[in-house]
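Analysis of the macromolecular model
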Amino acid sequence: MFELPPLPYDHAALEPVISRATMHLHHDKHHQKYVDTTNELLAKAGRTPASLEEVVRDAAGDEASAKLFNNAAQAWNHTFFWTAMSARRQAPDGVLAQAIARDFGGLDALKTAFVKEGNGHFGSGWVWLAAEGEALKVLSTHDAADLLIQGDLTPLLVCDLWEHAYYLDHKNDREGFLKAWFDALPDWSFAATQYGAARGQGEAWGHPAPVTGAGGTAQLGARSN
């Protein structure tokens, strides 16, 4: 059903913050396992969903579907994570930069809030920059939980807090990883598009749809309909 979307850049493109070795392990092995397990569980249940978002939302809060939720949500989270990063160092501009100044006091203050939230999160999870309409906020979610089940929040950026995301490259220094990540890897152009969607201007990003027949490869940059 669902395929592992290819990375939008080379495995070594995010070095030195994230190494080629980590990307091969994280994307090719770890992410692939979430996709494979999601497909196995859906096949066993005889389900052919129209989207991964549908799977995550339907499984959320259902104790009997906890394994499906964990794997489907992690598959979604990881694809969003790859998409929200860029090999080209960027800075926010335009309306998004103005919103960052309004809600955080500037990019440096946003970095401080983002790193503090991520480093302070106990255990595994994700740290997000999100929008609720015009308003920006930083928050973290635990384990596989994401913003698909968090009301009207639209994710702009996310960083993986699970140890497999940074342990090889940064050992046990989560704070150092988050600081280096924030400085070098966010795709602020993508975040600006997401912020526009949060304000009713266009569609937010959606995970590539399941492949139902021959032909066509899922593309990481697909948009939801």
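To keep things clear, this report deals only with the structure shown in the data block. (Residues numbered from 1 in each chain as written. Predicted model: local features only at pLDDT ≥ 70, side-chain atom pairs only at ≥ 80, totals over all residues. Heavy atoms only, no water.)

What follows deals with the overall build of the chain. Across its full length, the chain carries eight helices and three strands. Each helix and strand of the chain, ordered N terminal to C terminal, gives the series α-α-α-α-α-β-β-β-α-α-α. Relative to the compact-globule value of 17 Å for 225 residues, the chain shows a C-alpha radius of gyration of 17 Å, a close match. Overall, the C-alpha framework of the chain stretches about 50 × 40 × 35 Å when taken along its three principal axes. (Helix = DSSP H or I, 4+ residues; strand = E, 2+ residues; numbered from the N terminus. Rg over C-alpha atoms; globule rule 2.2 N^0.38 Å.)

Let us look at the nonpolar core. Counting residues in each nonpolar core, the largest one holds 66 residues, and the members touching the most others are Ile18, Met85, Phe114, Leu129, Leu136, Trp181 and Trp188. Tallying contributions element by element places helix α3 (residues 66–83) first for this core, with nine residues. (Core = buried A, V, L, I, M, F, W, Y, C linked by side-chain atoms within 4.5 Å. Buried < 20%, exposed > 50% of the residue type's maximum accessible area, 1.4 Å probe, protein only.)

Taken together, the three strands give an open sheet; going across it, the order is β2-β1-β3, and neighbouring strands pair in antiparallel fashion. With one partner strand each, in any of the chains shown, β2 (135–142) and β3 (154–160) form the two edges of the open sheet. Averaged over neighbouring strand pairs, the angle between their axes works out to 20° when direction is ignored. When strand β1 (residues 125–132) meets β2, the two strands line up antiparallel, connected through eight bridges. Looking at β2, one finds that Trp128 is bridged to Leu139. Across the sheet, helix α7 (residues 174–184) touches β1 and β3, and the angle it forms with β3 is around 130°. (Pairing = 2+ DSSP bridges. Axes fitted to C-alpha atoms, helices over the stretch in contact; angles between N-to-C directions. Contact = heavy atoms within 4.5 Å.)

A full pass over the atoms with the stated rule returns twelve aromatic pairs. Ring geometry for Phe80 and Trp205: centres 5.4 Å apart, planes at 75°, overall edge-to-face. Of this pair, Phe80 sits in helix α3 while Trp205 sits in the segment after α8 (188–198), and the two are 125 residues apart along the sequence. One exposure class covers both Phe80 and Trp205, and it is buried. Geometrically, the ring pair formed by Phe114 and Trp181 is stacked, given 5.6 Å between the ring centres and 5° between the ring planes. Here Phe114, found in helix α5 (residues 107–120), pairs with Trp181, found in helix α7; they are 67 residues apart in sequence, far enough to count as distant. The exposure class assigned to Trp181 is buried, which follows from its relative accessible area of 0%. (Phe/Tyr/Trp six-rings, centres within 6.5 Å; stacked < 30°, edge-to-face > 60°.)

With that settled, the discussion passes to the side chain of Thr154. Inspection of the secondary structure assignment puts Thr154 in strand β3. In contact with Thr154, other than residues within four places in its own chain, are Leu129, Ala130, Ala131, Leu147, Gln194, Ala198 and Ala204.

What follows concerns the packing of helix α4 (residues 94–104) against α8. Packed helices, taken two at a time, are described by their axes: the angle between them and the distance between them. Their axes nearest at 9 Å, the elements α4 and α8 cross at an angle of 80°. Between α4 and α8, the angle is such that the two are roughly perpendicular. Of the residues in α8, those touching α4 at Val95, Leu96, Ala99, Ile100 and Arg102 are Trp188, Ala191, Ala192 and Tyr195. Classifying every residue of the contact of α4 with α8 by side-chain character gives eight nonpolar, no polar and one charged. (Parallel < 35°, antiparallel > 145°, perpendicular 65-115°, else oblique. Nonpolar A, V, L, I, M, F, W, Y, C, P; charged D, E, K, R; others polar.)

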